[in-house]
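This is what each chain is made of:
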Amino acid sequence: MSAGLDSQRRRVGAVRATALCYRVLIRQIVSVGRLAALGALGAIMVVVGWVVGNSTNGGAPANDGALYDGANYADGFGLIIIVPIVSLVFAAASLGDVRDDGTLVYLWLRPMGRAPLVVAAAAAAVTVSLPLCVVPTALGGWFATDFVADSGGVALGALAAAALGTVAYSCLFVLLGLLFRKAVLWGIAYVLLWEGLAVGLGDFAERLSLRGYARALLSRIADIDLGFTTYGLVTAVVVLASVSAVSLVLATVRLARLNVD
Amino acid sequence: MSSRPRPVPAPELDVAGDDPASESGTDAAPAPPAGMVEVHGVSKFFGDVVAVSDVTFAVRAGVTALLGPNGAGKSTLFRMMCGLTPPSRGTVRVLGADARSDRDVRGRIGLSPQQDALFDRLDALEFVTIAAATQGVTDPEAAARHALGIVELDPDDHRPVSGYSKGMRQRTKLAAALVHDPEVLILDEPLNGLDPVQRRRMIELLEDLGAQGRCVLVSSHVLEEVARLGSRILVIAQGRLVASGDYRELRELMDDRPHRISIEADRPRDLAAALVTSGTVVGVRIDGDVVVADTLEVDRLGREIAPLAKDLGARLRQVIPLDEDLESVFRYLVERR
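Residues numbered from 1 in each chain as written. Chains lettered and ligands numbered in written order. Predicted model: local features only at pLDDT ≥ 70, side-chain atom pairs only at ≥ 80, totals over all residues.

Draft legend 1. Seen up close, the overall build of chain A. Each helix and strand in chain A was counted, giving 10 helices and zero strands. Shown N-terminal to C-terminal, the secondary structure of chain A runs as helices and strands in the order α-α-α-α-α-α-α-α-α-α. The C-alpha atoms of chain A give a radius of gyration of 20 Å, which matches the 18 Å a tight globule of 261 residues would have. Each of the three principal axes of chain A carries a C-alpha extent, and together these read 80 × 35 × 30 Å. The long-range fraction of contacts in chain A, counting pairs at least 24 apart against all pairs at least 6 apart in sequence, stands at 84%. (Helix = DSSP H or I, 4+ residues; strand = E, 2+ residues; numbered from the N terminus. Rg over C-alpha atoms; globule rule 2.2 N^0.38 Å. Contact = placed C-beta atoms within 7 Å.)

Below, the structure written as C-alpha cells:
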C-alpha cells in the first residue's frame, strides 16, 4: 500500500448532493421483505375492495350508497392503514436506519448542507411508498363501488388523497426517524392512537390529523360527504403541503444538531 | 518530542512539540495549542457519565496515535474532532474551524469510524465512489478505483460489502476516508480485523500519508500495534490525557512502575524471605504455594529468581507477570496523576 492521492475537487451543489444521497438511501430502505409485506397489505385491500363492491351492491342499480361505500372503504383502509403504515416504514427508515446502524456518518461528514440529505430521504421514501399506497387505495376504493356510475370520481379522489397523504406522512416520519430511535414503534402508536382513534372524536381532533385533510381531499374530489370534514379542497392541499414543508425544515434543523454515532 | 513523557499534567501538552514551555513542563501559563487539530479544555458528558475530561492537546502533520483501553474516550474525542458531537466544554478545531458548523472543513477530513457498518447493499467501488462524489471529487469513479487500489482491494469485485470480511470492510472504510485526499485523517481502530500482512502494509501506508504532510490520527487499545506505527502517542484513560511521548519513552515510563509477579514454587515462605533479603522486591504476599511479589526491577528479578530457588533447594513451577496487560498500565498512569 502506498498513497499517491491527487483528487481534483469541486463544490457539491444542493441538487447534486440531493441526488447522491437519494441514490444511496433508496437502496438502503428497499428490501424484499418490506416490499413483500406491504405489497401484500395493498393486495389485500384491493381484493377486499372487490369483495365489498360485489357483496354490498350485489348487482343492484348504481346509487349514492355504492359511491359512499367505495369512498368510505378507501378512507377506512387506504387512508387510515395503508398510507400511514407504508409511509412510516420507509420514511422512518430512510434516516432512522442509517442513524441507528452508524452509516449516517458517511453522508453527514461531507461538505454539503443538511437540507439535501433530508430532502433526499423524503424523496426516497415517497418514491417507494407512493405506488404501494396509491395503487391499492385507488383500486380498492374503485372496486368497492362496484363500478357504478361516477365511480371514477372515487378512484380519482382516493388517488389524490393517497398521493398527497403519502407525501405528508413521509415528510413527517422522516422527522420522526430523526427524533426517536425505534421510530417505527412511535409512529405506529401515533397512527393507531391519534390518526385512527382520536380523529373519530370530532371536528377539532380531525383538524389536527393528517388523515382528516387527506379524507377531505377524497371527499371533495369524489363529491361524497364522509362526515366531520368541513374544509375545502384548497385548504386540504395547503395544509398537507405545509405539514410536509415544516416537517422537512424541522428535520433539517434536527439533523444539524444531531449527535451522530 | 525528545523529553520524557509526563504521566501527569497533560492539559497543555503539545504533541507536535515545538513549544518550549510545554515541552519543559514549566509552570508558565500555557498558550492555547496550535496545530492541524486543536483540542482545548475539552470535556464531554453523557448525562452523569464523564466520557472526556478537560483534555488539551494539539496535533500537527505526521502520525499520532491515541492509545487507551476500550471506553477510555478515544472515539468520543474523534467524534468531537469531526463535529459529530459537540463538546460539553472547551473547543475543538480542525484546520482552524469547527467541523460541526463549517461545511468546507468537513471536506478536508477523512474519517474511518470504529463501527463496522457500511452501506451493505453497495459494492466497494460504489461505496467509495459515493464517498468521492459527496466530497466533490471531479471524477469519483477514477478516484475510488485509485483509493481501492491503495488499500489493495479489487474495484471490480462486485459483491456487496455485506459479504466482506472484517479486514476487507476496514480497508473499504479506509479507501472511503482517503479518496478525496484529505489533509486530516482520523482513523478509529483501523488495524482491527486485519491479518499480520495487511496490518504491516496498513502501517506503512499510514506512515507514508503522515510523511506527505497529512495529519493522521489513529486510535488503538493495543500498545504493540502503536509501537509498530512508530508514531507519537497520546495516552487516554478514563477520559483524561494521562501521558504522551513516543513509544520508547512511554515504554520506559511503564517500566518504572512496580510490577506484580506470581511465583509458584515449593517452600514459598523461604523463597519469599530470600527475595526480600536480596532486595529485588518491594513487597511480597504468600498465597498457598504462590508468592506474589512486587518489584521495581523486573529484569533483575527475572535473572535472580532461578539461582535463589536453586540455593534454597526449591523447585520453581511457574513465574508469570500479573499486570502486563494494558489496563494495568493505564491504571498505574491514572493513579499517578
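Draft legend 2. Representation of unusual backbone geometry. In this structure, D146 of chain A takes a positive phi of about 60 degrees despite not being glycine. Along the polypeptide, D146 of chain A turns up in the loop between α5 (115-144) and α6 (151-179). With phi around 50 degrees, Q238 of chain B is a residue other than glycine that occupies positive phi space. By secondary structure assignment, the location of Q238 of chain B is in the loop between β8 (232-237) and β9 (240-246).

Draft legend 3. How the structure looks around the interface of chain A and chain B. With 30 residues of chain A at the interface, the matching set in chain B holds 40 residues. Of all the elements in the fold, those that place two or more residues in the side of chain A that touches chain B are α1 (14-29) and α4 (105-108) of chain A. Considering every element that reaches the side of chain A that touches chain B, the biggest residue donor is α1 of chain A, with five residues.

Draft legend 4. Here's a closer look at the sheet that holds strand β10 (residues 259-265) of chain B. All names here are of chain B. The strand order across the open sheet built from four strands is β11-β12-β10-β13, with neighbouring strands paired in antiparallel fashion. Edge positions in the open sheet fall to β11 (283-287) and β13 (316-321), since each of these has one partner strand only. Going across the sheet, the axis of each strand differs from the next one's by a mean of 20 degrees, ignoring polarity. When β10 meets strand β12 (residues 290-295), the two strands line up antiparallel, connected through six bridges. Residue S262 lies in a different strand from β12, and its bridge partner there is V292. Taken strand by strand, helix α10 (residues 268-278) contacts β10, β11 and β12, and its axis lies near 175 degrees from that of β11. (Pairing = 2+ DSSP bridges. Axes fitted to C-alpha atoms, helices over the stretch in contact; angles between N-to-C directions.)

Draft legend 5. The arrangement of helix α7 (residues 196-211) of chain B in detail. Residues and elements named next belong to chain B. Taking 1.5 Å of rise per residue, 16 residues should cover 22 Å, and α7 covers 22 Å from first to last C-alpha, within 8% of that figure. When α7 is considered as a whole, its buried residues turn out to be M202, I203, L205, L206, L209 and G210. One face of α7 carries all of its buried residues, which in axial projection span an arc of 160 degrees. In α7, the exposed positions angled more than 90 degrees off the buried face are occupied by P196 and V197. Elements in contact with the buried residues of α7: β3 (62-67), α5 (140-150), β6 (184-188), β7 (215-220) and α8 (223-229). Looking one or two residues beyond α7, the residue adopting positive phi is G213, at roughly 100 degrees. (Expected span 1.5 Å × (residues − 1). Buried ≥ 20, exposed ≤ 12 C-beta atoms within 10 Å, placed from the backbone. Arc of directions from axis to C-beta.)

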